[in-house]
Amino acid sequence: MTTSQRNQQLALGFLGLLGILAILVKIQAGLVLWLDQSVLAAVAKLGPHVGLWEALTTLGSPILTGILAICLAGGLFYWRQPLWGEMVVIGLVGGDGLLLILKHLLKRPRPSLQVLVDNGFSFPSGHVFSTTLLAAMVITLLCGVLRHNWIFWVAVTMVSLIVLGVILGRLGLRNHYPTDALGSLLLAVGWWFQVMSLGERQWGKSLGEKWGA
């Protein structure tokens, strides 16, 4: 199995799980309602740390993460890595498009009693999606540079904690349900694997071999 085929299978797996979750959310399945209420209740027990939740939410702002992704793409073009730069741009633009389509297809209302009112539909979370997508891009690039050494794993841990913090921030402010965040994780990771698979198919070799090309 080639790297492209493996990434394609992973993409289909994550996006397939997203499809199942979206159907369950749309029909308001009992399991989804139970999971959402249970997790929101658990987060509420952490306390009304509005300032903290708001700060964590700001970290995952689609505007901020979008700017960082554009800077990342620009840096890659500057460092003569145009193939990776194209991947980041495709991932950013295409991912945002998929997110908007899903939001308008499901039209899920946000939770009641929001701490800080947010507009728009709830599923999936744009903050969690944009943060996770940027995290996936950064981890992929670091893997190509650091080759799984200890610095790589420290960076992965830090990036993962940022994603977790953004999720807690959105749930703490009651701007999203937990399944909104789960849907965003599945969409971001699945879409990035799809972009990598398409890139490898287009360029005819593993992206790892393309680093430095």
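A quick note: this is a predicted structure, and the numbers were derived from the prediction, not measured.

A. Just the overall build of the chain, in detail. From N to C terminus, the chain includes nine helices and zero strands. Counting from the amino terminus, the chain carries its helices and strands in the arrangement α-α-α-α-α-α-α-α-α. Taken over the C-alpha trace, the chain has a radius of gyration of 18 Å; the compact-globule value for 213 residues is 17 Å, and the two agree within 12%. Based on the C-alpha atoms only, the size of the chain along its principal axes is roughly 50 × 35 × 30 Å. Considering the chain as a whole, with its 213 residues, one finds that 47% of them fall into the buried category. At a minimum sequence separation of 6, the contacts of the chain that also span at least 24 residues come to 78%. Carbon together with sulfur atoms contributes 72% to the accessible area of the chain, which is approximately 11000 Å² in total. Positive and negative charge centroids in the chain, built from 14 and 8 side chains respectively, lie 3 Å apart.

B. Quick look at the pattern of salt bridges. Overall, the coordinates contain four salt bridges when judged by the stated rule. Among the ionic pairs, Asp 118 bridges to Arg 110, the shortest N-O distance being 3.9 Å. The partly exposed category is assigned to Asp 118, whose relative accessible area is 24%. For Arg 170, the salt bridge goes to Asp 118, with nearest N and O atoms at 2.7 Å. Residue Arg 170 is found in helix α7 (residues 150–172), and its partner Asp 118 is found in the loop between α5 (82–106) and α6 (126–146); the two are separated by 52 residues along the sequence. Linked through salt bridges whose partners overlap, the residues forming this network are Asp 36, Arg 108 and Asp 180.

C. Here's a closer look at the packing of α5 against α6. With their axes 11 Å apart at the nearest point, α5 and α6 run at an angle of 160° to one another. Accordingly, the angle class assigned to the pair α5 and α6 is roughly antiparallel. You can see that α5 and α6 cross each other, and the crossing is right-handed. Packed against α5, whose contacting residues are Trp 84, Val 88, Gly 91, Leu 92, Gly 95, Asp 96, Leu 99 and Lys 103, the element α6 presents Gly 126, Phe 129, Leu 133, Met 137, Thr 140 and Leu 141 at the interface. Residues belonging to the contact of α5 with α6 are distributed by class as follows: eight nonpolar, four polar and two charged.

D. Main features of the packing of helix α1 (residues 3–26) against α5. Orientation of α1 relative to α5, taken along the N-to-C sense of each, is 30°, at an axis distance of 11 Å. Considering their axes alone, α1 and α5 lie roughly parallel with respect to each other. The interaxial crossing formed by α1 with α5 has right-handed handedness. Only Leu 102, Leu 105 and Leu 106 of α5 make contact with α1, whose side of the interface consists of Leu 18, Ala 22, Val 25 and Lys 26. Across the contact of α1 with α5, the residue classes tally to six nonpolar, no polar and one charged.

E. Quick look at a nonpolar patch on the surface. A contiguous nonpolar surface patch, about 450 Å² in accessible area, is contributed by Trp 150, Ile 151, Val 154 and Met 158. Residue placement: Val 154 occurs in helix α7.

F. Structural detail: α1. Helix length check: α1 (24 residues) gives 34 Å between terminal C-alpha atoms against 34 Å at 1.5 Å per residue, within 8%. Among the residues of α1, Ser 4, Asn 7, Gln 8, Ala 11, Leu 18, Leu 21, Ala 22 and Val 25 are the ones counted as buried.

G. Just the environment of Ala 181, in detail. For Ala 181, the position within the fold is in helix α8 (residues 178–203). For Ala 181, a relative accessible area of 6% gives the class buried. Expressed as a C-alpha distance, the spacing of Ala 181 and Asn 7, which sit 174 residues apart in the sequence, is 23 Å. Excluding residues that lie within four positions of it along the chain, Ala 181 makes contacts with Val 128 and Ile 167.

H. Expanded view of empty space enclosed by the protein. A complete count under the given rule lists one cavity of 30 Å³ or more for this structure. In this model, the largest cavity occupies a volume close to 60 Å³. Residue assignment for the lining of the largest cavity shows that the elements contributing at least two residues are α4 (62–78), α5 and α6. Of all the elements, α6 adds the most residues to the lining of the largest cavity, at five residues. Class assignment for the residues of the lining of the largest cavity results in six nonpolar, three polar and one charged.

Conventions we followed
- Residue indices begin from 1 for each chain and proceed along its sequence in written order.
- Local features are withheld for residues below a pLDDT of 70 in this predicted model, meaning they are given only at 70 or higher, and side-chain atom pairs are given and counted only at 80 or more; totals for whole chains, interfaces and linings count all residues.
- To obtain the side-chain values, all non-hydrogen atoms of the structure were used and water was disregarded.
- Secondary structure is summarised from DSSP: a helix means a run of H or I of at least four residues, a strand means a run of E of at least two, and numbering begins at the N terminus for each.
- Radius of gyration here uses only the C-alpha atoms, and the compact-globule reference equals 2.2 Å multiplied by the residue count raised to the power 0.38.
- To sort residues, take the accessible area from a 1.4 Å probe on protein chains only and compare it with the maximum for the residue type: under 20% means buried, over 50% means exposed, and anything in between is partly exposed.
- What makes two residues a contact is simply this: any of their non-hydrogen atoms within 4.5 Å.
- Only the protein chains shown count as cover for residues, and the accessible areas themselves come from Shrake-Rupley with a 1.4 Å probe.
- Under the counting rule used here, the positive set is Lys and Arg, the negative set is Asp and Glu, and His together with the chain ends is not counted.
- Each charge is placed at NZ for Lys, CZ for Arg, CG for Asp and CD for Glu.
- Take a side-chain nitrogen of Lys or Arg and a carboxyl oxygen of Asp or Glu: if they are within 4 Å of each other, that pair is a salt bridge.
- The angle between two axes is taken between their N-to-C directions and runs from 0 to 180 degrees, where each axis is a line fitted to C-alpha atoms and a helix contributes only its stretch in contact.
- Oblique is the label for every angle not falling under 35 degrees (roughly parallel), over 145 degrees (roughly antiparallel), or within 65 to 115 degrees (roughly perpendicular).
- By convention the crossing between two helices is left-handed if the near helix lies anticlockwise of the far one by an angle smaller than a right angle, and right-handed if it lies clockwise.
- Residue type decides the class: Asp, Glu, Lys and Arg count as charged, Ala, Val, Leu, Ile, Met, Phe, Trp, Tyr, Cys and Pro as nonpolar, and the leftover types, Gly among them, as polar.
- Patch membership is restricted to residues that have no salt bridge and whose relative accessible area is over 30%. Joining uses 9 Å for like charges and 5 Å for the nonpolar side chains Val, Leu, Ile, Met, Phe, Trp and Tyr.
- Here the expected span of a helix is defined as 1.5 Å times the quantity of residues minus one.
- Points on a 1 Å grid, built from protein atoms alone, make a cavity when a 1.4 Å probe fits but cannot get out and make a pocket when they are open with protein on both sides within 12 Å along at least 5 of 7 lines; residues with an atom within 4 Å of a point are the lining residues.
- Grid points are joined across faces, edges and corners, and a volume is the space filled by probe spheres set on the points.

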